[in-house]
Structure formats: C-alpha cells, structure tokens
Amino acid sequence: MVQRYTGIAIALHWIVALLIIANVALALTWDFYPDAQVRPAIDLHKSIGITILGLAILRILWRFAHRPPPLPQGYAGWEVTASHIVHWGLYAILFAMPLTGWIMDSAYEKAATTPMYLYGLFQWPRIGFILALDPATKKMVHDSFGEAHEIIAYAVYALFALHVAGALKHQWVDGVQELQRIMPGRR
C-alpha cells in the first residue's frame, strides 16, 4: 500500500505549486501586456508572492508537526540525498522569493507614495526600515534584491525541473507509486 502525505500537506503542495506557476507566468508575460495592464499584473504578482510566503510558513509548520511518509524502498542513496536537497531547496525558495520581492518592493523609489494592496482588498505594509533608507541606499537595496530575486527565479526553474523529473522517473521508470503519495484523491 502506498503511504501518502496528509490531506493538508497535499492541498498546500498543490496550491503553492499552482500559485508559483501563475506567478512565473505573470513575470514572463507582463512585458507583452498593454501599458494599462502591466501595473495590475505586477500588483497581482506581489499579492500572489505574499500569499506564497504565508502558505510557506503554514507548510513548514505542518511539515515539522507531521512527519512525511517514508520514501518507498529501493531508492539508491544518491536518489534519497538528491530528493532531500531538492525538497529543502524548494522550501528555501518558498521563503527567499517572496522575501526578496518584498524587500525590493519596499526599496522602490515611489514606495512611500504608491501603496501596495493585497489583491486590491487592503493595504499591505512595506518594510518600514527599508522604506526609511536614504535614496542612494534604497536604490542599492532595490537593485541588489531585484537581482537576487531574478537569480532565485532560475533556481526555481532548475529545482522544479529536478523535482518533476525525479517524480516521473520513479513513477514510470522505476515503477514506484511515487505520484500517488502527493496526488489529491482517495486515501
């Protein structure tokens, strides 16, 4: 019998995965939007990023409180190590991407006069001490964290590809019921 993740872990996994895909799609396409739609797309990107940060906190708390099912028997040592590296790398990115984006946004030169709204519903705060920096330092923080945000995006692509490739390899090459452990559905 396949040992599965808990229903909450499965839901968090897929919700976060879909939000990441949506945010990547927004970031890769807003250069092609008409001018009037660029700012709303960027604002939606920020809202999704903050949502991912909140869900990442829930995910890590759930993970510490609920042990994941053991890996199926027969994995080579390097596969177990690679799986752990990729999973913890993805967890790190769930925090690094939204935090670098939030810091970059807080250092935006017009942040003090341009409020950020979470899904247009209520104002989301900028990080106060960054907002209060002098203009030259603020620009340096904005540019540095913007570059980090972009570099981390490439790590997202690489780790996502490794994560999916590993799951598919175990499912179809090794014949292990890997996908059933994390797919929504019957227990």
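Residues numbered from 1 in each chain as written. Predicted model: local features only at pLDDT ≥ 70, side-chain atom pairs only at ≥ 80, totals over all residues. Heavy atoms only, no water.

**Digging into the nonpolar core**
Then step 1. Core analysis: the largest hydrophobic core is formed by 14 residues, its most contacted members being Leu 19, Leu 26, Trp 30, Ile 48, Ile 52, Leu 55 and Leu 94.
Then step 2. Secondary structure elements with two or more residues in this core: α1 (7-29), α2 (35-65) and α3 (77-106).
Then step 3. The element contributing the most residues to this core is α2, with seven residues.
Then step 4. In this structure, Leu 94 is in contact with Val 16, Ile 20, Ile 52, Leu 53, Ala 56 and Arg 59, ignoring residues within four places of it in sequence.
Then step 5. Listed in part, the 10 residues of the second largest apolar core include Leu 53, Ala 107, Leu 118 and Val 141. (Core = buried A, V, L, I, M, F, W, Y, C linked by side-chain atoms within 4.5 Å. Buried < 20%, exposed > 50% of the residue type's maximum accessible area, 1.4 Å probe, protein only. Helix = DSSP H or I, 4+ residues; strand = E, 2+ residues; numbered from the N terminus. Contact = heavy atoms within 4.5 Å.)

**Let's talk about the packing of α1 against α2**
Then step 1. With their axes 9 Å apart at the nearest point, α1 and α2 run at an angle of 155° to one another. It follows that α1 is roughly antiparallel to α2 by the angle criterion. The way α1 lies across α2 gives a crossing that is left-handed. Packed against α1, whose contacting residues are Ile 8, Ala 9, Leu 12, His 13, Ile 15, Val 16, Leu 19, Ile 20, Ala 22, Asn 23, Leu 26 and Ala 27, the element α2 presents Ala 41, Leu 44, His 45, Ile 48, Gly 49, Thr 51, Ile 52, Leu 55, Leu 58, Arg 59 and Trp 62 at the interface.
Then step 2. The class makeup of the residues in the contact of α1 with α2 is 17 nonpolar, five polar and one charged. (Axes fitted to C-alpha atoms, helices over the stretch in contact; angles between N-to-C directions. Parallel < 35°, antiparallel > 145°, perpendicular 65-115°, else oblique. Left-handed = near helix turned anticlockwise from the far one by under 90°. Nonpolar A, V, L, I, M, F, W, Y, C, P; charged D, E, K, R; others polar.)

**Digging into a nonpolar patch on the surface**
Then step 1. Taken together, the side chains of Leu 18, Ile 21, Phe 160 and Val 164 make up a nonpolar region of the molecular surface, amounting to roughly 360 Å² of accessible area.
Then step 2. Among the secondary structure elements, those contributing two or more residues to the nonpolar patch are α1 and α5 (135-173).
Then step 3. Looking at the secondary structure, you find Leu 18 in helix α1.
Then step 4. Accessibility expressed as a relative area gives 56% for Leu 18, which makes it exposed. (Patch = residues over 30% accessible without salt bridge, like charges linked within 9 Å, V, L, I, M, F, W, Y side chains within 5 Å. Areas by Shrake-Rupley, 256 points an atom, 1.4 Å probe, with all protein chains shown as cover. Salt bridge = Lys/Arg side-chain N within 4 Å of Asp/Glu carboxyl O.)

**Thoughts on the side chain of Asp 105**
Then step 1. Checked against the element boundaries, Asp 105 lands in helix α3.
Then step 2. Asp 105 gets classed as buried once you look at its relative accessible area, which sits at 7%.
Then step 3. Non-local contacts of Asp 105, meaning those with residues more than four positions away in its chain, are made with Lys 46, Ala 111, Met 116 and Arg 126.

**Side note on the pattern of salt bridges**
Then step 1. On inspection of all chains with the given rule, the structure shows five salt bridges.
Then step 2. Between Asp 105 and Arg 126 there is a salt bridge whose closest N-O contact spans 2.4 Å. Placement of the pair is Asp 105 in helix α3 and Arg 126 in the loop between β2 (122-124) and α4 (128-131), with a sequence separation of 21 residues.
Then step 3. Arg 126 sits in the buried class, given a relative accessible area of 12%.
Then step 4. For the salt bridge of Lys 139 with Asp 143, the shortest nitrogen-to-oxygen distance reads 2.7 Å. Remark: Asp 143 and Lys 139 occur in helix α5; sequence separation between them is four residues, near one turn of the helix.
Then step 5. Among the charged side chains, a salt-bridge network with shared partners connects Lys 46, Asp 105 and Arg 126.

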